[in-house]
Amino acid sequence: MTTPWMEELTLSIAHELPALLSTVRTPGDFCTAGTIELALPRLTVQGVGPVALPLLPVQAKALIAVADRAPYGRGAQTLVDTSVRRTWQIGAERVRIEGAFWTRTLQAIVEKAAEGLGVTTAATAQLYKLLVYDEGSFFIEHRDTEKAAGMFATLVVALPSLHTGGELVVRHKGREVRLDLQGPDPSMAAFAAFYADCVHEVRPVTSGCRLVLVYNLVHEGRGRLPQPPDYEAETQRIAALLAAWGAGEWGSDDEAPAKLVYPLEHAYTSAELSFQALKGADAAAAAVLAAAAQRSGCELHVALLTIEESGSAEYSGYGGRSWRDNGDDEFEIVEVCNRSAVLSDWRCPDGAAAELGVFPVEDGELCPPDMFEDMDPDEQVFQEATGNEGASFERSYRRAALVLWPMGRRLEVISQAGLPVSLPWLASLARRWQDSGALTDSPLWQEAHELAGHMLDAWPDRADWPRPGEAPSTAARMLATLAQLKDAARIEAFLADISTASDYGKSDNKALLEAAALLAPRRAGVLIERIVRASAAKDPGACADLLARGAAAPPPGRPAPDLVAAAGALVDALPGDPTRASQPPANAWWRRQEVSSDLIVDLVTALERIDAALARQAVDHLLAWPKTYGLDAVILPAVRRLISQATIRDTPGVQRLRAACVQHLRARTAEPLQPPTNWTRAATLNCRCAHCSELAGFLRNPDEQSWTLKAAEAVRTHVTSTMQRCRCDLDLVTQRRGSPYSLICTKNQASYERREKQRREDLQDLEQLA
Ligand SMILES: O=C(O)CCC(=O)C(=O)O
Ligand SMILES: [Fe+2]
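All residue numbers refer to positions counted from 1 along the written sequence of the respective chain. Numbering of ligands from 1 and lettering of chains from A proceed in the order in which they are written. Where totals are concerned, whole chains, interfaces and linings use all residues; where local detail is concerned, this predicted model gives features only for residues with pLDDT of at least 70, and gives and counts side-chain atom pairs only at 80 or more. As a rule here, side-chain values come from all non-hydrogen atoms in the structure, and water together with hydrogens is ignored.

Caption draft 1: Spotlight on the site of ligand 1. By convention in these notes, a residue is near a molecule or strand provided one of its non-hydrogen atoms lies within 4 Å of it. Taken together, the neighbourhood of ligand 1 is formed by R85, L131, Y133, F139, H142, D144, V156, L168, H200, V202, R210 and V212. In the model, an oxygen atom of ligand 1 is placed 3.3 Å from a nitrogen or oxygen of the R85 side chain. Accessible areas in this description were obtained via Shrake-Rupley with a 1.4 Å probe; residue shielding takes into account the shown protein chains only. Within the complex, 96% of the 290 Å² of free accessible area of ligand 1 lies under protein. By definition, any uninterrupted DSSP run of H or I lasting at least four residues is a helix, any uninterrupted run of E lasting at least two residues is a strand, and each is numbered from the N terminus. Elements with a minimum of two residues in the shell around ligand 1: β10 (123-133), β11 (138-142), β17 (199-202) and β19 (210-219). Among the residues forming the shell around ligand 1, the class breakdown is 7 nonpolar, 2 polar and 3 charged. N or O atoms within 3.5 Å of each other form a polar contact, as long as, within protein, one can give a hydrogen and the other can take it, and as long as residues adjacent in sequence are counted only when both atoms are side-chain atoms. Side-chain classes follow a simple rule in which Ala, Val, Leu, Ile, Met, Phe, Trp, Tyr, Cys and Pro form the nonpolar group, Asp, Glu, Lys and Arg form the charged group, and the remainder, Gly included, forms the polar group.

Below is the structure:
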């Protein structure tokens with residue numbers, strides 16, 4: 001529902017969100033942490049001397065020997081109480097830390113800390129103490145007292161020293177961060193900084209020794225002390241906006257975008273993309289959006305946005321908005337004809353990669369929708385005009401973007417991304433549901449059921465056409481997943497739907513029947529009949545395979561589908577009789593495949609199991625149209641296979657086909673078969689030109705074995721092709737001597753040899769069949 005004022009403003013949420021975010025410019029939080037490369041400094045402690053890093057246990061002992069028990073402040077007093085604070089301290093005046101790189105390292109730490117805290121004015125770090133935490137040391141929750149004028153935060157730098165435990169926990173306004181300040185490597189130092197009014201504690205060290213330098217971060221100059229950036233008001237307004245979006249108050253699901261894509265300002269490569277690596281205003285926007293998304297039930301990711309555009313351009317020597325192409329020519333863009341926008345390389349707020357794949361960006365999802373109008377493309381190429389085409393251009397933009405959607409529309413977003421994304425997603429839900437052993441009322445199943453519903457609503461007419469060979473189609477993968485989920489309602493809807501789709505193929509059959517087995521046999525039969533009616537004319541082989549599989553033993557514990565009607569539909573659509581209405585139109589865009597013996601085997605096997613009368617009718621048809629169902633090419637190979645199967649061998653249909661083959665073979669074996677007694681050979685040629693007539697005379701001549709045709713190449717080629725077309729009993733050799741060359745033709749008895757081979761095969765077949 002749209003409220004009246006929204007109609008007036010005609011603003012979309014894709015305008016409103018960036019407007020609110022535009023005031024959020026400074027990143028920063030109450031606490032920040034990081035690691036930095038550390039060129040080892042020279043650390044000297046009065047009473048101990050030089051201290052090696054990483055810290056050695058003997059030197060930890062030596063440090064403790066010269067250290068004091070650290071006190072804690074209570075009101076104006078400082079007290080030592082090892083039940084409140086148990087750690088060792090060495091005052092700054094007894095610690096020297098130097099080295100060629102140290103000043104630079106500390107400077108970099110202070111800069112990073114200041115940025116993380118959102119401090120834009122200059123800050124310096126003053127060493128306060130060196131703290132040594134041996135096993136069992138800790139510091140309970142406290143706030144630091146202001147130890148120097150202008151101090152606004154505490155900076156802790158952990159020096160390389162092996163230990164476990166000792167995490168620093170910082171709390172502020174109901175939020176908490178827990179930091180393990182142990183560099184990942186001895187050449188790294190970890191640091192943390194937090195505003196002075198934050199409550200913090202150090203958890204007990206459970207082994208080893210924790211060694212930290214504590215600094216006061218001091219504000220230079222006059223003016224108000226830095227404060228943690230507070231975008232609470234913005235966060236609240238954005239959270240309210242997002243909540244309204246999720247509740248449909250910015251328009252129904254059809255009107256309001258399902259997701260929002262907010263491009264960032266800085267450039268990031270795919271490798272460096274993460275919430276943690278965002279800079280400046282990007283980091284600020286991400287932090288506010290992350291908090292607002294969490295409060296309003298939205299999911300937030302960062303991803304790479306790629307926009308590609310192409311269209312027409314014009315050569316322009318003058319003004320206007322134009323770009324200089326690498327040469328001297330100037331072009332102006334006339335019209336953007338194609339635009340594609342996709343998201344990839346997803347990351348979660350916690351830094352993990354999200355396996356989401358490539359998502360399209362739909363109209364109305366970019367924030368703001370016109371953001372690319374003023375932006376320079378990352379790449380732009382102009383193509384000069386050619387003879388029949390005007391000048392054109394291609395360009396692309398690449399930006400990191402924050403992407404969010406209401407949790408309630410997540411499945412819609414995934415299905416909107418298309419089958420390459422939604423199908424694996426559904427399969428993973430199904431697998432997880434099956435592994436969990438849960439029932440169909442579990443949330444996981446419901447989620448899968450809902451996603452499948454979205455996918456069926458958007459199922460493409462031809463999911464993946466043309467389809468690569470025998471790979472299972474997307475339809476088959478969908479059906480297998482629905483069968484895994486035992487989702488009878490969606491299977492039913494899907495089978496009713498794909499029955500008219502033109503991309504059904506043989507490789508779908510297994511999945512199709514496994515899914516159909518979850519339906520009532522009668523209903524399964526009706527749906528299978530529809531599929532056969534829609535596909536039999538185009539692919540009778542696939543339909544025959546479907547019926548043969550369906551008529552075979554059903555999966556254990558499942559009734560067989562009722563296939564009589566589907567079988568009838570296939571028999572009606574069998575190819576052959578050109579007067580049948582079910583025959584494909586002459587202008588069909590597909591070409592029917594040749595009838596194969598597979599079709600006959602499947603057809604007869606299926607029909608003999610499903611309905612004897614239909615089997616009889618089908619066999620009548622096969623024998624009535626020998627041009628389509630050639631006895632030698634199709635029927636005989638099928639019969640050989642059919643009689644090798646004990647369960648089908650003796651059925652009436654197979655017996656009739658066998659009898660027809662036997663009759664055909666007997667007739668052929670009765671014909672006389674003798675080798676030629678002289679040089680006369682068959683001379684029925686399909687050309688009467690002078691050369692071919694001369695050839696015919698030679699073939700008929702009982703006394704001539706060889707003939708030489710000395711003629712130009714064109715003539716030799718022509719006569720050769722006649723001989724090949726008419727399968728003359730001749731061996732050919734070209735004699736490359738003299739001009740023109742000569743074609744020497746020598747008679748053989750190839751046709752007799754072919755017949756003789758055929759005879760041997762026929763006799764073998766007869767022995768097997770009769
Ligand atoms: O050891 C730390 O990480 C913090 C120490 C601390 O809180 C303090 O010295 O006040
Ligand atoms: Fe402290």
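Caption draft 2: Local environment of the coordination of the iron ion (ligand 2). Here the iron ion (ligand 2) is held by the protein donor atoms H142 (NE2), D144 (OD) and H200 (NE2), which lie 2.1 Å from it. Here the term donor refers to an N, O or S atom within 2.8 Å of the metal (or 3.2 Å for Na, K and Ca), and because water is left out of the atoms, sites may appear incomplete. As a motif over one chain, the donors of the iron ion (ligand 2) read H-x1-D-x55-H. Residues H142 and D144 agree in their burial class; the two are buried. Accessible area is worked out with a 1.4 Å probe on protein chains only. A residue is then buried under 20% of its type maximum, exposed over 50%, and partly exposed in between.

Caption draft 3: Here's a closer look at the sheet that holds strand β3 (residues 49-51). Strand order in the open sheet made by the 3 strands is β3-β2-β9, with antiparallel pairing throughout. Of all the strands in the sheet, just β3 and β9 (95-98) have a single pairing partner and so form its edges. Mean inter-strand twist for the sheet, computed between neighbouring axes without regard to direction, equals 30°. At least two DSSP bridges between two strands are required for those strands to pair. Axis lines are fitted to C-alpha atoms, over the contacting stretch for helices. Their N-to-C directions set the angle, which ranges from 0 to 180 degrees.

Caption draft 4: Broad picture of the pattern of salt bridges. Whenever Lys or Arg places a side-chain nitrogen within 4 Å of a carboxyl oxygen from Asp or Glu, that contact is recorded as a salt bridge. Within the structure shown, the criterion is met by 31 salt bridges. The partner of R96 in a salt bridge is E98, with the nearest N and O atoms 3.1 Å apart. Across the pair E201 and R203 runs a salt bridge whose closest N-O atoms are separated by 3.2 Å. Classification of R203 as partly exposed rests on a relative accessible area of 32%.

Caption draft 5: Representation of the side chain of E201 within the structure. Tracing the backbone shows E201 in strand β17. Polar contacts involving the side chain of E201 include one to the side chain of R171, which spans 3.1 Å.

Caption draft 6: Representation of helix α20 (residues 652-670) in the model. Compared with the 27 Å implied by 1.5 Å per residue over 19 residues, the 27 Å span of α20 between its first and last C-alpha is a close match. Among the residues of α20, G653, V654, L657, R658, A660, C661, V662, L665, R668 and T669 are the ones counted as buried. One less than the residue count of a helix, multiplied by 1.5 Å, gives the span that helix is expected to have.

Caption draft 7: Layout of the packing of helix α15 (residues 564-572) against helix α17 (residues 612-624). Running from amino to carboxyl end, α15 crosses α17 at an angle of 10°, the nearest separation of the two axes being 10 Å. Taken together, α15 and α17 sit at an angle that is classed as roughly parallel. In this structure, α15 contributes V564, A567, G568, V571 and D572 to the contact, and α17 contributes L614, Q617 and A618. Here the contact of α15 with α17 is built from residues that sort into 5 nonpolar, 2 polar and 1 charged. Between 65 and 115 degrees an angle is taken as roughly perpendicular, under 35 as roughly parallel, over 145 as roughly antiparallel, and anywhere else as oblique. The contact definition used throughout considers only heavy atoms, calling two residues in contact when any of these lie within 4.5 Å.

Caption draft 8: Fine view of the environment of A189. Its place among the elements puts A189 in strand β16 (residues 188-195). What makes A189 buried here is its relative accessible area of 1%. Residues A189 and G34, spaced 155 residues apart in sequence, show a C-alpha to C-alpha distance of 8.5 Å.

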